[in-house]
Amino acid sequence: MKTVTIITSFIVAGILTAFFLGFNPVESTRTLEYDDEQEGLKEQMVIRFSHVAAENTPKGMAARYFAKRIQAKTDNEIQVEIYSNGELYQDQNEWEAVTNGNVEMIAPATTKVSTRFPDWQVLDLPYAFQGYSAVQEAYEGKIGQTLLEDLRGTNVKGLDFWYNGFKQFTNNKLPIHTPADMNKLHFRVMPGPVIKAQFQALNASTSELSFNKTYRNLEVGFVDGQENTISNIYSKKFYKKQAYMTLSNHAYLGYAVIINEDFWDSLSETHQHSLTEAMEETTDWVRRHSIEINDSHIRKIKRSSDMEVDVLTKQEEKKWREAFKPVYLKAEQDISKDLLKELERIQSNYSPQ
Ligand code: LMR
């Protein structure tokens, strides 16, 4: 009898509690909304990530992937605002923007870093990398590590390298097969000592123009051509203003992912860990997807334009390698011996067929 009384009183108490508090299993497990007045409940931080490329490119997609990963890992405590297409900062001023803390992250082409840090020129050397695995070995090995460490003491921290693809020449004057075809043509280039030397070796002239001014300069004929990855040629519609493209694969274009150091230091260890993990996952993603993004863009270019696309024969490629020898001689004065030795080691593993 006593037991029955106890059980009955539990049931009654349960019903009364449910009656006053309401039955809502969802409500009871839901996380609390962010409330400004409840200090420390959930701190939100914003990473402003500025870059100059289009959204449907390896870099644009990697930035979005990174944003999603870090938001998920930190339960939205870190948010990423992406400013693509140079809408906030252009090539010339994004470095200042990240060092001053006007944005927290940028991902410039490694070439653009080479104007400040000479060792970075090693990544621009023509035909430095025979294939994607060689690039990966450089980015993830001694070369990448040394270059990221180079940035120390400048209020930025180098996080990683992101992949795009090999560069191709486009122009509006003639099909380019041999170095001699470049004679006297005028090209838009990124700023970078090796790039300058490369075009000098080909007897072509250059103008350093920001990426987002390239289309206009091709359109008005201020420059005859440019060099870039297929995804950039496609997404920025350069192919619409160029009659010829040569699949030369003469150098690799990838990115240095850089974060403002004060911002990095302000993050808790847990957030630094989440950011590092999100970055590693993104780098892996963009390494695996950059090739297919570029491949799909060349198919789209071929389908939707009359641009002539030429491929170099092995014989022709030999001539280009020969023509680029002076570029190496010049760069040897700027790039440390250790890095050049490491490049040679990688090259010996992936020698041209
Ligand atoms: C260029 O300026 O051609 C490239 O660096 C653009 C980019 O960031 O991919």
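What counts and how
- Residues numbered from 1 in each chain as written.
- Predicted model: local features only at pLDDT ≥ 70, side-chain atom pairs only at ≥ 80, totals over all residues.
- Heavy atoms only, no water.
- Helix = DSSP H or I, 4+ residues; strand = E, 2+ residues; numbered from the N terminus.
- Buried < 20%, exposed > 50% of the residue type's maximum accessible area, 1.4 Å probe, protein only.
- Areas by Shrake-Rupley, 256 points an atom, 1.4 Å probe, with all protein chains shown as cover.
- Near = heavy atom within 4 Å.
- Polar contact = N/O pair within 3.5 Å; in protein donor to acceptor, adjacent residues only side chain to side chain.
- Contact = heavy atoms within 4.5 Å.
- Pairing = 2+ DSSP bridges.
- Axes fitted to C-alpha atoms, helices over the stretch in contact; angles between N-to-C directions.
- Phe/Tyr/Trp six-rings, centres within 6.5 Å; stacked < 30°, edge-to-face > 60°.
- Lys NZ or Arg CZ within 6 Å of the ring centre and 35° of its normal.
- Salt bridge = Lys/Arg side-chain N within 4 Å of Asp/Glu carboxyl O.
- 1 Å grid on protein atoms, 1.4 Å probe; cavity = no way out; pocket = protein on both sides within 12 Å on 5 of 7 lines; lining within 4 Å.
- Points joined across faces, edges and corners; volume = space filled by probe spheres on them.
- Nonpolar A, V, L, I, M, F, W, Y, C, P; charged D, E, K, R; others polar.

Trainee: For the overall build of the protein chain, give the residues involved together with the corresponding values.
Mentor: Each helix and strand counted, the protein chain has 15 helices and 11 strands in total. Each of the 353 residues in the protein chain was classed as buried or not, and the buried ones make up 50%. Counting every atom, the protein chain has about 17,500 Å² of accessible surface; 50% of that belongs to carbon and sulfur.

Trainee: I'd like a description of the site of the ligand, backed by residues and values.
Mentor: Residues in close proximity to the ligand include Val 52, Lys 59, Asp 91, Ala 109, Lys 112, Arg 188, Met 190, Phe 211, Asn 228, Asn 232 and Tyr 255, which together make up its full environment. A distance of 2.8 Å is found between an oxygen atom of the ligand and a side-chain nitrogen or oxygen belonging to Lys 112. Contact between the ligand and Asn 228: an oxygen atom at 2.8 Å from a side-chain N or O atom of the residue. When isolated, the ligand has an accessible area of 270 Å², and the protein chains bury 100% of it.

Trainee: Report on the side chain of Thr 246, specifying residues and quantitative values.
Mentor: Structurally, the position occupied by Thr 246 is in strand β9 (residues 244-247). Taking relative accessible area as the criterion, Thr 246 reaches 1% and is therefore assigned buried. In terms of polar contacts, Thr 246 uses its side chain to reach the backbone carbonyl oxygen of Ile 176, at 2.7 Å. Once you skip the residues sitting within four places of it in the chain, Thr 246 turns out to touch Gln 168, Phe 169, Ile 176, Asp 310 and Leu 312.

Trainee: How would you summarise the sheet that holds strand β1 (residues 45-50) if you had to cite specific residues and measurements?
Mentor: Pairing is mixed in the open sheet, where five strands are placed in the order β2-β1-β3-β10-β4. For this open sheet the edge positions go to β2 (78-83) and β4 (156-166), each flanked by a neighbour on one side alone. Sheet topology note: the β1/strand β3 (residues 105-106) ladder contains two bridges and is parallel. Bridging across to β3, Phe 49 finds its partner in Met 105. Relative to the sheet, helix α3 (residues 58-73) contacts β1, β2, β3, β4 and β10 (252-260), its axis offset from that of β2 by approximately 165°. Helix α12 (residues 269-304) contacts β1, β2, β3, β4 and β10 of the sheet and is inclined by roughly 15° relative to β4.

Trainee: Break down the sheet that holds β9 for me, with residues and values.
Mentor: With respect to topology, six strands assemble into an open sheet ordered β7-β6-β8-β5-β9-β11, the strand pairing being mixed. The sheet terminates laterally at β7 (205-208) and β11 (308-311), the two strands that pair on one side only. Put simply, the sheet's adjacent strands are angled 25° from each other on average, direction ignored. As judged from the four bridges shared by strand β6 (residues 186-189) and β7, these two strands associate in the parallel manner. Residue pairing in the sheet places Arg 188 in a bridge with Ser 207 of β7.

Trainee: Can you break down the packing of aromatic side chains residue by residue, with the values?
Mentor: Per the stated rule, a full pass over the model turns up 18 aromatic pairs. Between Phe 49 and Phe 66, the ring centres sit 6.5 Å apart and the planes meet at 70°, which makes this aromatic pair edge-to-face. A residue pair is termed long-range when its members are at least 10 positions apart, and Phe 49 in strand β1 and Phe 66 in helix α3 qualify at 17 residues. Just as Phe 49 is buried, Phe 66 falls in that class too. Chaining the aromatic ring pairs together yields one cluster made of Trp 120, Tyr 132, Tyr 139, Phe 161, Tyr 163, Phe 166 and Tyr 252. Sitting over the ring of Trp 264, Lys 157 keeps its end group 5.0 Å from the ring centre. Residue placement shows Arg 321 over the ring face of Tyr 127; its charged tip is 4.4 Å from the ring centre.

Trainee: Account for the pattern of salt bridges, naming residues and giving values.
Mentor: Where charged atoms of side chains with opposite charge meet at close range, the side chains can pair. On inspection of all chains with the given rule, the structure shows 19 salt bridges. Residue Glu 104 pairs with Arg 48 through a salt bridge whose shortest N-O separation is 2.7 Å. Here Arg 48 lies in strand β1 and Glu 104 lies in the loop between α4 (94-100) and β3, a separation of 56 residues in the sequence. Note that Glu 55 and Arg 64 form a salt bridge whose closest N and O atoms lie 3.9 Å from each other. Several salt bridges converge on common partners, so that one network encompasses Arg 69, Lys 73, Glu 277 and Glu 281.

Trainee: Describe the pairing of β9, naming the residues involved and giving the relevant values.
Mentor: The two faces of β9 match: Tyr 244 and Thr 246 on one face and Met 245 and Leu 247 on the other face are all buried. Of the strand pairs in this sheet, β9 and β11 are connected by four bridges, and their pairing is parallel. Of the residues in β11, the one forming a bridge with Thr 246 is Asp 310.

Trainee: Residues and numbers for empty space enclosed by the protein, please.
Mentor: Counted under the stated rule, the structure contains two cavities of 30 Å³ or more. Along the walls of the largest cavity sit Val 52, Ala 53, Lys 59, Ala 109, Lys 112, Arg 188, Met 190, Phe 211, Asn 228, Asn 232, Leu 253 and Tyr 255, which together make up its complete lining. In terms of residue class, the lining of the largest cavity is made up of seven nonpolar, two polar and three charged. In this structure, the second largest cavity spans a volume of roughly 40 Å³. For the lining of the second largest cavity, the secondary-structure elements that each account for two or more residues are α8 (193-201) and α14 (325-331). Residues of the lining of the second largest cavity, tallied by class, amount to five nonpolar, one polar and two charged.

None of this, on its own, says anything about what the molecule does.
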